[in-house]
Structure formats: C-alpha cells, structure tokens
Amino acid sequence: MKNLGIRTLALPALVCCLSLSMTGQTPGTGATATAEAPTTGASATPDHVTLTWTGDPATTMTVTWRTDATVEAGFVEYEKGATLSGKALRAPGTAHDFTSDLGTARVFSATLTGLTPGKRYAYRVGGGDRWSETSSFETARKKVDRFKFLLFGDSQAPITGDAPFGLWRRTALRAIGENPDARFMVINGDLTDWGLMQAHWNAWFAASRGIIDRLPLMPVSGNHEHYGSRKVSRQDYYLEQFTLPANGPEGLRGQAYAYDYGPVHFVVLDSQQVEQRQQGDILTAQKEWLERDLAASKAPWKIAFFHRPPYGTKLNRDETEIREAFCPILERHGVDLVFNAHDHGIARTPPMKSGVAMKKPSEGTIYLVVGQSGGKTYKDNVRKEFHSFFYNPLDQTNYWVLEVSKKKLAVRVLKLDGTTIDSFEIDSKGNFKQKEQLQEKKAA
Ligand SMILES: [Fe+2]
Ligand SMILES: [Fe+2]
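Residues numbered from 1 in each chain as written. Chains lettered and ligands numbered in written order. Predicted model: local features only at pLDDT ≥ 70, side-chain atom pairs only at ≥ 80, totals over all residues.

A. Spotlight on the overall build of the protein. In terms of regular secondary structure, the protein is built from 6 helices and 24 strands. For a compact globule of 444 residues, the expected C-alpha radius of gyration is about 22 Å, and the protein comes in at 21 Å, within 12% of that figure. Within the protein, the proportion of its 444 residues that are buried is 51%. Contacts spanning at least 24 positions in sequence make up 70% of the contacts within the protein whose residues lie at least 6 apart. (Helix = DSSP H or I, 4+ residues; strand = E, 2+ residues; numbered from the N terminus. Rg over C-alpha atoms; globule rule 2.2 N^0.38 Å. Buried ≥ 20, exposed ≤ 12 C-beta atoms within 10 Å, placed from the backbone. Contact = placed C-beta atoms within 7 Å.)

B. Structural view of the confidence of the model for the protein. Of all residues in the protein, 90% have pLDDT values of 70 or greater, and the mean over the chain is 91. Mean pLDDT across the elements of the protein ranges from a minimum in helix α1 (residues 4–23), with 31, to a maximum in strand β15 (residues 337–340), with 99. Residue range residues 1–34 is modelled with pLDDT below 50. Its contacts to residues more than four positions away, or to other chains, number 47 contacts. (pLDDT = per-residue confidence, 0-100.)

C. Inspection of the domain arrangement of the protein at higher detail. Looking at the protein, the domain boundaries give domain 1 (47–138) and domain 2 (146–437). Relative placement of domain 1 and domain 2: their C-alpha centres are 26 Å apart. Contact residues are listed per partner, giving 20 residues for domain 1 and 22 residues for domain 2. Within the residue set of the side of domain 1 that touches domain 2, elements represented by two or more residues are β1 (47–52), β2 (61–68), β5 (94–100), β6 (103–112) and β9 (135–138). (Domains from an automatic or database assignment.)

D. Quick look at the environment of G81. Turning to its location among the elements, G81 is positioned in the loop between β3 (75–80) and β4 (89–92). With 13 C-beta atoms counted inside 10 Å, the residue G81 sits in the partly exposed group. Taking the C-alpha atoms as reference points, G81 and E138, separated by 57 residues in sequence, lie 9.5 Å from one another. With near-sequence residues (within four places) excluded, G81 lies in contact with R120 and A122.

E. Region of the structure containing the sheet that holds β2. Within the open sheet, the 4 strands sit side by side as β1-β2-β6-β5. Their pairing is antiparallel. The open sheet has two edge strands, β1 and β5, and neither has a second partner. With strand direction ignored, the average angle separating the axes of adjacent strands in the sheet is 25 degrees. Pairing of β2 with β6, which is carried by 8 bridges, proceeds in the antiparallel orientation. For T67, the partnering residue across the bridge sits in β6 and is R106. (Pairing = 2+ DSSP bridges. Axes fitted to C-alpha atoms, helices over the stretch in contact; angles between N-to-C directions.)

F. Spatial organisation of the environment of F149. Tracing the sequence through the fold places F149 in strand β10 (residues 146–152). C-beta crowding within 10 Å serves as the criterion here: with 23 such atoms nearby, F149 is assigned to the buried category.

G. Geometry of helix α3 (residues 198–207). Across the 10 residues of α3, 10 count as buried, placing the element largely inside the fold. Taken together, the buried positions of α3 are Q198, A199, H200, W201, N202, A203, W204, F205, A206 and A207.

H. Structural view of the environment of T70. For T70, the location among the structural elements is in the loop between β2 and β3. Along the chain, T70 and S43 lie 27 residues apart, while their C-alpha atoms are 8.5 Å from each other.

I. Quick look at the pairing of strand β21 (residues 398–405). Sheet topology places β10 next to β21; 6 bridges connect them, and they run antiparallel. Bridge pairing in β21 links F149 to L402. By the bridge criterion, 7 bridges tie β21 to strand β22 (residues 408–415) in an arrangement that is antiparallel. Its bridge partner being in β22, V401 is matched across the sheet by R412.

J. Region of the structure containing the nonpolar core. Among the nonpolar cores identified, the biggest contains 115 residues, and V63, L151, V268, A304, F326 and L368 are the most heavily contacted of them. Per-element tally for this core: the top contributor is α3, with 7 residues. Residues lining this core come from more than one domain, with at least three contributed by each of domain 1 (47–138) and domain 2 (146–437). If near-sequence neighbours (up to four positions away) are discounted, V63 is found in contact with V49, L51, V76, S109, A110, L112, Y123 and V125. (Core = buried A, V, L, I, M, F, W, Y, C linked by C-beta atoms within 7 Å.)

K. How the structure looks around helix α6 (residues 320–332). The terminal C-alpha atoms of α6 lie 18 Å apart, and with 13 residues this matches the ideal 18 Å at 1.5 Å per residue to within 8%. Its maximal kink placed at F326, α6 deviates by approximately 35 degrees, while the proline P328 follows within four residues. When α6 is considered as a whole, its buried residues turn out to be I322, A325, F326, C327, I329, L330 and E331. Here the buried face of α6 lies against α5 (283–296), β14 (301–305), β15 and β17 (352–353). In the segment just after α6, G334 is the residue with positive phi, at about 70 degrees. (Expected span 1.5 Å × (residues − 1). Bend = angle between axes of the 7 residues up to and from the residue.)

Now the structure itself:
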C-alpha cells in the first residue's frame, strides 16, 4: 500500500516532463528555455534570496542566494536601519555549485554574526555591479517574552499558467499583511509539486520574492521534494537551496534540525521514509537524535513539525510507521503541539498519549494537520475517530498564526479571506480553551 503513491506518480511525472520539453517553457522563471539549451534561470544578478537561521535568532541571520556559475564571489552588504548607506558592513558568502535538471547554478550563503538583538537591518546580496534589491530583516530581542509566527501547509501547485504558485503568494502576503509582527514562518513540506525539477523551484522562488527575503523561513521537507521526472530520489534540490541548522543527526543534516525562539524549542523531522528506502533507514537515527534533543531542552514549550501526519485526515491513508517511530518520543518528552501536513485537510486531536485521548494538554501531545497554502485539495478527507476538530478546506487556502508567551500558546487557523476555521489556547497549567471554530458543513 505504501508504495502506491509513488507508482501512481510515475505517469503524471512523465506527462509533466514531456509537456515541459515540448513547449520549451520554463514557467514562472521569466526565462525562456529552449529545447536545445535548457537554462537554470540563474544569471549573474542574484535571485532566490532567502533568510533562514542557522544560529541564534537574536544575533545572527543566514542569507542564501543564487547566481549563474560565472560569478566567482558574492557578499552580503548589511547595515542597521531600514536603508543601506555607504557604511554597510560586508560579509563574504561561501558558494557551492548546484546541478539540477536545468544545468549548473551557484548557490551562495553567508551567516551574519554579531548582530544587535531587536534591530532592523537593511541588506542586499551580490558583488561588483550585480546586486539584489535592498531588503531588510529584524533580529530577535535578547529576551523574548512573547512572539508570533506563521505556519503554512503545502504550497505545491502546477507550474502552468501566468502565475504559478500565485495562491501561495497571495496566502503568504495576506498572512504577513494581517500579522506584520510575525517573526518567522514555517512551511510544513511539499513546497513544490515536483521537487526534483528546477523549473518548479524557479517558479516557487519567483512567487516567494519579497516574502522569504524579509521573513526567515524554516522549512520542512515533504514527499514532493523527492519527486522528479524520472525518479523518486533524495530531496537534493531542497537541501541544496536552503541553508538550515546543521544540528540534526549525522547524514540527515537539514532534513531534521532544531532551533529555539523565545520560550519555544522547535524540532523538524523528516517523515519521508517511503521515498528514502533506497537510502536505508532514516528513522532510527532521527529517533535517537530526537530523544537526546528533547531531553536536553528546558524550554517551556516544545513544538514539532514533520510532513506525514500520524493522525491524518485522508481516507484510506494511515502513517503507521511514522506514528510508531516519532509519537512515543514526542509524547514522553512533553511536546505540546505537533504540526503535520500532506493530507491537505485541517484537523486536531485531543492531547494523545500512546494512542489514547487524554483530558488535559499537560497529559499528552496535540497533533494537528495544517491544510494547504497552494491549490491542491483532496475531496476524500474525513473526520476520523481520533479527531476532536476536522475541516476540509476545499474552498480556500489557509494559514496559521501562533502567538506564544511563557504562559500561553494561542493557535488560530484562518482561510485566505480571514474566516477563522479553528482557534484555541493552551496554558502553562495544562488547560485547553476552545475559542472560535467553524462548523464543518455536511456534504450535500
Ligand atoms: Fe501535499
Ligand atoms: Fe505530501
């Protein structure tokens, strides 16, 4: 059963590949690739500028960007304030060549260190007379008592049409516009439809411009990061293009990692064992790492992200292997919330412990499925026996807003038009409080 998803993908993958090569288009890149000479879409002018953290959010920022392979050196110019003057500091980027199905590009990244906490910095990337637009970011305060972050489900979409990933862009811009105080964002896997086809990433990065170069993105790897025109393989394009904390298990760096922001310890896991059978067992190393990582954290709140849901919404789909691997460890170490994706439904369990629903959040872990920020939906999402809330977001994309303080964790998921789908709080005493909730419409 588990391999069915991959087998059924083989045909659309081929069709997709054929249609691309026949039209000679590189959708969403602004570049035209000819059948004779496909291009990466990169040029000597930087693009794909992305903010992540690989260090302390108060004093560091990691910037990643792309050029073509002619560019020898790249820098980040940065300066406190909203604009760059002639006094900007300069940090050199380290480069690696990234070869995709469209050829070889160069990916640069630099981690700015020694930044002042709680300050806005202007920055641009490039060198010589080739620079990105000036953008800006804000460092975390030294002591964060409360903060807000944004969470999105699968942004995957076809890359046909005039505005590939347009729904993702609209959803992200709406979420940021409504929450200008959000400090960073998470996408819970399946960023693109075909993660081993660079045209998809070019379209995704083009749609994410002005978003991920202003707000750090801490992404999660999903199964679609493994799919290409001819193969299911390691999520190399994802790993090559995002610079992520290198504190995960040996051999799985970037696929699993952890970071802290204020009173929260965040862990990110890779649930794509099905796609990585050929690489062997990716779960045992993560389990050992997760056990150690969670045991070492004294953070008041713990939140985990991974793509495949242990308590999912899709009919006839059950991620037993992932549930058995990760849930006992997450629950033993008091992880408060686990966010999953993949099923494109929205759901929440009661606090769970060893498969049993508990009364209070302090007694178990709440598992949530986060819906989608792109156009893909599933009609066969259903409420299952373990769900205390379920909604199938067939009509609109959605986004999550999480407000955290030491005493309270407030969670809200909204439709693109601002309608609240579910909203609740848990507090440090272990209580659960339901806020607004949209009632599921019965099928006609
Ligand atoms: Fe998905
Ligand atoms: Fe998925």
